[in-house]
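Fold and contact review
The lines below spell out each chain.
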Amino acid sequence: MSPLLSIVIPTFNRPAYLKEAALSALGQTYPNIEVVIGDNGTTDARRDWEPELANDPRLIYRRNERNLGMVGNFNALADAARGEYLVALGDDDRLLPDFASRLMAEMKPDVRLVFCNHYLIDSHGARLEAESREQTRHYGRYNLRTGVLESPQIAAWQQAIAISAAIMRTEDMQRLRFQEDLDTPDAEYFIRLSQEGGSFVFLPDYLAEYRVHAAGSSSSLAGLCSERLVEYLIPMEVAPGVEPYKRKLLGPLIMNAVSRCLQRGERDRARKFLRSSYYPRRAPTISDPSATNHAHGIRGQGKRLAEETEHAVKSGLQHLCASLPGPIGSPTYRVVRAAKDWAGL
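Just so we're clear, the structure is a prediction, and the values are computed from it rather than from any experiment. All chains use their own residue numbering, which begins from 1 and follows the written sequence. With the structure being a predicted model, the display of local features is reserved for residues of pLDDT at least 70 and the display and counting of side-chain atom pairs for 80 or more, all residues being used for whole-chain, interface and lining totals. Water and hydrogen atoms were dropped before computing side-chain values, which therefore reflect all heavy atoms in the structure.

With that settled, the discussion passes to the environment of Phe273. Numbering goes from the N terminus for both helices and strands, where a helix is a DSSP run of H or I of at least four residues and a strand is a run of E of at least two. Structurally, Phe273 can be placed in helix 11 (residues 267-275). Separated by 16 residues in sequence, Phe273 and Ala257 place their C-alpha atoms 7.7 Å apart. The criterion used for residue contact is that any of the two residues' heavy atoms lie within 4.5 Å. Sequence-distant contacts of Phe273, defined by excluding residues within four places in its chain, comprise Glu227, Val230, Glu231, Ile254, Ala257, Val258, Cys261 and Tyr279.

Structure follows, in structure tokens:
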């Protein structure tokens, strides 16, 4: 018999999306699955997903006694999973029918994780083809070779692995777990997993769908706890060949962390980040000619100059406000940031 695959879905107050996610999980061509829903205390009276799904013996519904938060819910579901392998599916995301069959076929004894490309879909479920291809390029999957990766660590630091488009070993998830003080726990988790050794396998096929909403961004790692993420990532030792990818990821994260600390009045914490060797001293360079339509020529030079100017202004403001006394520095930073936001800069 095929190994049991657990598809776990944490949810809270999104019954319509949950129905789509659960139907896509139960609609897999892979023959041996369980779908475990972890309800974090939904208060929405609608239970739109129940009529079509409640009688499927492969579906297990768990309601938490208290709201564990999204990350805590993921960890609780991993603990409850009975399968040897695990998919952590967002309650607004979807799997295409052959997702599990294709990825499970690559799960050999030495493989720790298999992942694929995924489409972006809007709030109504329509595919965003151009945005999907752009995200594939942005996260480095465009250049990944099919099959066993030469460097899982580079893929992890590039954030090439999307949580809803990957199959991992349940024992790894139960042992390493998501850090519950992070809003983007998969970013840190896959880096830790890659450092333990074992193979990662990549399939370039688009076999999952990740939903983006108008109020959010699908390409931002800033999250709500960027300072905690930075504090986890900076001490991690990497090989010289991986260091540039670590530095590229940490640069914007540290600048965001400094901004958050200054706005909250955490001057000492902001200063610590500013002293880090990973704080970017200049704007990132365009290393991939395909990174922008204007990477060459006059328009490209203009864009580059604008990026460098914006970076210099933001960095200068952060250093200035961190050097001022607390009663002055943080209020000044908040006022300037509010003015920039108001002006749309």
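Next up on the list: helix 10 (residues 243-264). Spacing of three or four residues puts side chains on the same side of an α-helix, whose turn is 3.6 residues. Here the expected length of a helix is defined as 1.5 Å per residue gap, with one fewer gap than residues. With 22 residues, helix 10 extends 31 Å between its outermost C-alpha atoms, agreeing within 8% with the 32 Å of an ideal straight helix rising 1.5 Å per residue. The angle between axes fitted to the seven-residue stretch ending at a residue and the seven-residue stretch beginning at it gives the bend at that residue. At Leu250, helix 10 shows its largest bend, some 30°, and a proline, Pro252, comes one to four positions later. Here's how the labels work: a residue is buried when its accessible area is under 20% of the maximum for its type, exposed when over 50%, partly exposed in between, all with a 1.4 Å probe on protein chains only. Considered for burial, the residues of helix 10 that qualify are Lys246, Leu249, Leu250, Gly251, Leu253, Ile254, Met255, Ala257, Val258, Ser259, Cys261 and Leu262. Following helix 10 by one or two positions, Gly265 adopts a phi angle in the positive range, close to 85°.

Another aspect to go through is the pattern of salt bridges. Salt bridge, as applied in this entry: a Lys or Arg side-chain nitrogen positioned within 4 Å of an Asp or Glu carboxyl oxygen. Tallied over the full model, the rule gives 27 salt bridges. Two residues, Arg102 and Asp205, come together in a salt bridge whose shortest N-O distance is 3.0 Å. Of this pair, Arg102 sits in helix 4 (residues 99-104) while Asp205 sits in strand 9 (residues 199-211), placing them 103 residues apart in sequence. For Asp205, a relative accessible area of 29% corresponds to the partly exposed category. Sharing partners across several salt bridges, the network here consists of Asp181, Glu227, Arg228, Glu231, Arg260, Arg264, Glu266, Arg269 and Lys272.

By the element assignment, Gly83 lies in the loop between helix 3 (69-80) and strand 4 (85-88). In the structure, Gly83 is positioned 88 residues away from Glu171 in sequence and 9.4 Å away in space, judged by C-alpha atoms. Look past the residues within four positions of Gly83 in its chain and what remains in contact with it is Leu4, Ser6, Glu34 and Thr170.

It is worth spelling out the packing of helix 9 (residues 226-233) against helix 11 at this point. Only C-alpha atoms enter the line fits that serve as axes; for helices the fit covers just the stretch in contact. Angles between N-to-C directions range over 0 to 180 degrees. The N-to-C vectors of helix 9 and helix 11 enclose an angle of 45°; their axes lie 12 Å apart at closest approach. Relative to helix 11, the element helix 9 lies oblique. As helix 9 runs across helix 11, the sense of the crossing is left-handed. Facing Glu227, Arg228, Val230 and Glu231 of helix 9, the residues of helix 11 in contact are Arg269, Lys272 and Phe273. Looking at the contact of helix 9 with helix 11 residue by residue, the class counts come to 2 nonpolar, no polar and 5 charged. Any angle between 65 and 115 degrees counts as roughly perpendicular, while under 35 counts as roughly parallel, over 145 as roughly antiparallel, and the rest as oblique. Rotating anticlockwise by less than a right angle from the far helix to the near helix defines a left-handed crossing, while the corresponding clockwise rotation defines a right-handed one. Residues were grouped as follows: Ala, Val, Leu, Ile, Met, Phe, Trp, Tyr, Cys and Pro as nonpolar; Asp, Glu, Lys and Arg as charged; and all remaining residues, including Gly, as polar.

A few words now on the nonpolar core. Core analysis: the largest hydrophobic core is formed by 55 residues, its most contacted members being Phe115 and Leu233. If we skip the residues at most four places from it in the chain, Leu233 touches Trp157, Glu188, Ile191, Lys246, Leu249, Leu250 and Leu253. In these notes, a set of buried Ala, Val, Leu, Ile, Met, Phe, Trp, Tyr and Cys residues joined through side-chain atoms within 4.5 Å is what counts as a nonpolar core. Tyr30, Leu59, Tyr85 and Leu203 belong to the second-largest nonpolar core, a separate cluster that totals 33 residues.

The alternating pattern of strand 4 places Tyr85 and Val87 on one face and Leu86 and Ala88 on the opposite face, and all of these are buried. A pair of strands is labelled paired if DSSP reports no fewer than 2 bridges between them. Judged from the 4 bridges that link them, strand 1 (residues 5-11) and strand 4 form a sheet pairing that is parallel. The residue of strand 4 that forms the bridge with Ile7 is Val87. In terms of strand pairing, strand 4 meets strand 8 (residues 166-169) through 2 bridges, oriented antiparallel. Note that in strand 8 the partner of Leu86 across the bridge is Met168.

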